[in-house]
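Listed below are the residues making up each chain.
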Amino acid sequence: MKIAVCEGDGIGPEVVPVARDVLESLRPDCEFFPVEVGYGKWDRTGSACTDDDISALKSADAILFGAVTTPPDPGYRSVLLEIRHALDLYANVRPVRGEKCDIVIVRENTEGLYSGIEWQEADRACTVRVVSRRGSRRIARYACGIAKGRSHLTVGNKANVLKSDVLFRDICLEEAARCRVPCSTQYIDALALDLLMAPSRYDVIVTTNIFGDILSDIAAYLVGGLGMLPSANIGRRHALFEPVHGSAPDIAGKDLANPVAAVRSAALLLKHVGDDTAAAQVEEAISATFARGIATRDIGGTAGTAAFSGALREELRRITRRE
Ligand code: NAD
Ligand code: IPM
Ligand code: MN
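Rules and cut-offs
- Numbers given for residues are sequential positions, taken from 1 along each chain in its written order.
- Whichever chain is written first becomes A and whichever ligand is written first becomes 1, with later ones labelled in order.
- Whole-chain, interface and lining totals are the exception, using all residues; otherwise, since this is a predicted model, local features are given only for residues with pLDDT of at least 70 and side-chain atom pairs are given and counted only at 80 or more.
- Remark: hydrogens and water are excluded; side-chain values derive from all non-hydrogen atoms of the structure.
- Neighbouring residues are identified by heavy atoms, a residue being near a molecule or strand if any of them is within 4 Å of it.
- Think of a polar contact as two N or O atoms within 3.5 Å of one another; within protein, one of them needs to be a possible hydrogen donor and the other a possible acceptor, and neighboring residues in sequence only count if both atoms come from side chains.
- Areas reported here follow the Shrake-Rupley algorithm with a probe of radius 1.4 Å; residue values treat only the protein chains shown as occluding.
- Strands are runs of DSSP state E lasting at least two residues, helices are runs of H or I lasting at least four, and both sets are numbered from the N terminus onward.
- Two strands are counted as paired when DSSP detects at least two bridges linking them.
- Fitted lines through C-alpha atoms give the axes, limited to the stretch in contact for helices. The angle between two N-to-C directions lies from 0 to 180 degrees.
- It only takes one pair of heavy atoms within 4.5 Å for two residues to be counted as in contact.
- Think of it in three bands: with a 1.4 Å probe and only protein chains considered, a residue is buried below 20% of the maximum accessible area for its type, exposed above 50%, and partly exposed in between.

Draft legend 1. Highlighting the site of ligand 2. In the region of ligand 2, the neighbouring residues are Ser78, Leu80, Leu81, Arg84, Arg94, Arg107, Tyr114, Asp213 and Val244. Within the side chain of Tyr114, one N or O atom sits 2.6 Å away from an oxygen atom of ligand 2. When ligand 2 is considered free in solution it has 320 Å² of accessible area, and contact with the protein chains removes 76% of it. Considering every element that reaches the shell around ligand 2, the biggest residue donor is helix 4 (residues 79-86), with three residues.

Draft legend 2. Here's a closer look at the sheet that holds strand 11 (residues 230-234). Judged by pairing direction, the sheet is mixed, and its ten strands sit side by side in the order 2-1-3-12-11-4-5-10-8-9 without closing on themselves. Every interior strand has two partners, whereas the edge strands, strand 2 (31-34) and strand 9 (183-187), have only one. Ignoring which end each strand starts from, the neighbouring axes of this sheet average 25° apart. One ladder, built from five bridges, connects strand 8 (residues 153-157) with strand 9; its direction is parallel. Counterpart to Leu153 in the pairing with strand 9 is Cys183. Contacts from helix 5 (residues 133-148) reach strand 4 (91-97), strand 5 (102-108), strand 8, strand 10 (204-207) and strand 11, with the element oriented near 165° to strand 5. The strands that helix 6 (residues 163-178) touches are strand 8, strand 9 and strand 10; relative to strand 8, the one it contacts most, it runs at about 170°.

Draft legend 3. Focus on the pairing of strand 3 (residues 62-67). Strand 3 sits mainly inside the fold: six of its six residues count as buried. Where strand 1 (residues 2-8) lies against strand 3, five bridges are found, and the strand directions are parallel. Across the sheet, residue Ile3 finds its bridge partner in strand 3, namely Ala62. Sheet topology note: the strand 3/strand 12 (residues 239-243) ladder contains two bridges and is parallel.

Purely geometric stuff here, so don't read any function into it on its own.
See below:
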């Protein structure tokens, strides 16, 4: 299995190697190759991501991604958005599992307010929110596929105000009826609050691009913060796994980053390639490390990135020796 590794910027190079080591220890058949993209590359070469980088990513069976910093260039388009578009990674799946919740946020990942159709005029700037039938259909179908093996679907929307969300909501309802998935709709603002007040009401949530972006950072509150949340960006041919968090420049290089989101992203990668056993072992190792009272500062512990990662690797070795 060929895995492209993009460490990226900020804390990316601190957390991604931990996730990579976890993958390597569980799957000796993995062959890793680095692909440099992001702010560091832009600073050095003037380009944050080249056509060759995109080709390299396309040649991988899966991609492990850290995070990239947005350069201070007004004409710049995010590397991550470029990759999501080039590889047509249309489903952004963000599981939020903790004591209080077991939720999967399914975020449309290629259109909406991230259509890339925007321009600047003298007195205003415009961004077009594109919601297509095809784009909505495929994300609705993907979300229903997940909800079918679970319980129910909630469609997060703003159809009371946005015509584009009337289309999105109606297609999701249609698809849920066709798949016989119990489904309800909720306005995204009310949903954002209720998710925190009553998380047990939610199972799978499907929503448009930027609503899913914001909702997933909000949902991180339920499980201790951004250091905990993984994601999978899935397309028909390619798949990229990354933490929900960004490059966190405020804590970069200080041994403060929580690697759990990145390690959980590696577990999602393992699940994606059908290795449910290894994915479960990763989750078990994370729980066992917490059970020993070892955690990073963002979630109330005192361990640094390196110490936490060492303990995690130890737990993983213990778990894999046992089986
Ligand atoms: P961020 O997610 O990087 O950080 C938000 C806050 O959460 C910060 O205080 C940070 O220290 C903390 N945090 C994040 N991850 C953490 C971890 N693993 N452990 C401990 N604390 C953690 O968001 P931001 O500050 O708004 O953005 C910083 C940069 O990252 C920007 O350039 C932004 O564009 C970029 N970004 C990239 C991605 C990505 O590449 N996937 C995602 C989001 C933001
Ligand atoms: C995320 C990030 C990205 C997004 C940015 C960095 C383009 O915030 O993956 O959540 O907005 O999708
Ligand atoms: Mn985000």
